[in-house]
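Geometric and topological summary
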Amino acid sequence: MPVFSLYLYPNLTELAPSSLCQMMSSYLPGNLILISGLLENWPLTILFACAELWSTGVLCTLFWSTVNDTSTVKSASREYPLLTLVGNSASLLSGPMILLLVHQLTGHNDDGWQISLTYLSIIFVVCGLTIIWLYYHSMKLAPSPSTATSQKKHGNTATRLPLKNSFLYLAKCPYLRNIALIMLGYCIAINMAEVAWKSQLVRVYPTESEYSMLMGQLTFYTGLGCLLMSVITARLIRYGWRVAALGTPLLMACTGIPFFLVVALSNSNWLPEALSAPMLLAGISIGALCNVTSKSAKYTLFDATKEMAFIPLNNEQKLKGKASIELIVSRAGKSSSALVQQLLIVTLGSLTASMHWLASIFMVITIVWLVSVDALSKQYRRYGC
């Protein structure tokens, strides 16, 4: 982040391979011009990719693996909603912080956007160092079980296995396969809805400052949603794992399907032009609601139930299964979703013209997600959970 804000972003024009991109653009079809755009703005592409890897590799895999190793099914029903509540309360600080920096600096300084990036980078570094310090001291405080106790709990199983073989291991285990389908369903569904929403959002908020301020507001509202969902999570888990796990896909279906329908309607040829703009704004509002509620549910209800599903497994299944699901399945879900979207853009010309297809895929994936939750809940009960 500091390298990006202090060097890469200020020199985007100088670092861009403009001549190569212009040559590529002359050979690429009109619908594939975006490939040259990704190459021309390669610092932005790398930053986005690194941000995705950070959230998956560090926050999901390392953090929850550590928590799962020190929790039981009984304690998780009490502790996991509290962990998600505390963790996601950070959105209540980060959202207003982004709004304050962007509003104060971009409005009174020509270089305000660059200065705001610098301040955000400093905050990012401080938070990263704090995470390292907290992790180091938490490991010193954690009890170190003896080898005999560890083998009694998890079994004497080998845990060193190449990642590609871990994926095959995942495919052979029905329990882990259902967890993978749940993760795949979420990743595809949220990517479909979020990318489609943002493609409409830039039509109303075209500048960097307007877009960033809106994202800051949504981050704050997501934090509020996480606080509410944490309370709901604690209550739903009392009724059983299945009830809590069904909450996220049902919530996404109730907000995502209306969003796709309204946006598709706003861009239809037979709709009067006077109603097109109000329908677009209504679709963006519903999409914002879908984005906030689905992410609030993901960071609380979805994560808590998903991580609880790993607890009954032995050490080998936890390590190999979680590595495969978090690092392969989640990336495969977003990549396959992006590939489908690119194919629709090439075929139909834009995401706006593809809304009916995106809505159909979204509904099919949500149904697969619901079926997988039901199947996993039956297996989860067999463990006596």
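Please refer to the structure higher up on the page.
Notes on the structure follow. If you're wondering where the values come from, they're calculated on a predicted model, not measured in any experiment.

**As for the packing of aromatic side chains**
According to the stated counting rule, one finds six aromatic pairs in the structure shown. Ring geometry for F259 and F260: centres 5.2 Å apart, planes at 55°, overall tilted. Where F260 meets F362, the ring centres are 5.4 Å apart and the plane angle is 50°; that geometry is what we call tilted. Highlighted residues: F260 in helix 13 (residues 241-266) and F362 in helix 16 (residues 355-382), separated in sequence by 102 residues.

**Observations regarding empty space enclosed by the protein**
What the rule picks out here adds up to two cavities of 30 Å³ or more. If you add up the space inside the largest cavity, you get close to 90 Å³. Lining the largest cavity we find I179, I182, W241, A245, T248, F302, T305, K306, A309, W369, V373 and L376. Broken down by element, the residue count for the lining of the largest cavity peaks at four residues, all from helix 14 (residues 273-310). Its residues assigned to classes, the lining of the largest cavity shows nine nonpolar, two polar and one charged. Volume-wise, the second largest cavity comes out at about 40 Å³. In this structure, the second largest cavity is lined by I190, A193, E194, W197, G287, C290 and N291. The set of elements that each furnish at least two residues to the lining of the second largest cavity consists of helix 11 (174-201) and helix 14. Here the element with the most residues in the lining of the second largest cavity is helix 11; it accounts for four residues.

Each value, and the rule that gives it
- Residues numbered from 1 in each chain as written.
- Predicted model: local features only at pLDDT ≥ 70, side-chain atom pairs only at ≥ 80, totals over all residues.
- Heavy atoms only, no water.
- Phe/Tyr/Trp six-rings, centres within 6.5 Å; stacked < 30°, edge-to-face > 60°.
- Helix = DSSP H or I, 4+ residues; strand = E, 2+ residues; numbered from the N terminus.
- 1 Å grid on protein atoms, 1.4 Å probe; cavity = no way out; pocket = protein on both sides within 12 Å on 5 of 7 lines; lining within 4 Å.
- Points joined across faces, edges and corners; volume = space filled by probe spheres on them.
- Nonpolar A, V, L, I, M, F, W, Y, C, P; charged D, E, K, R; others polar.

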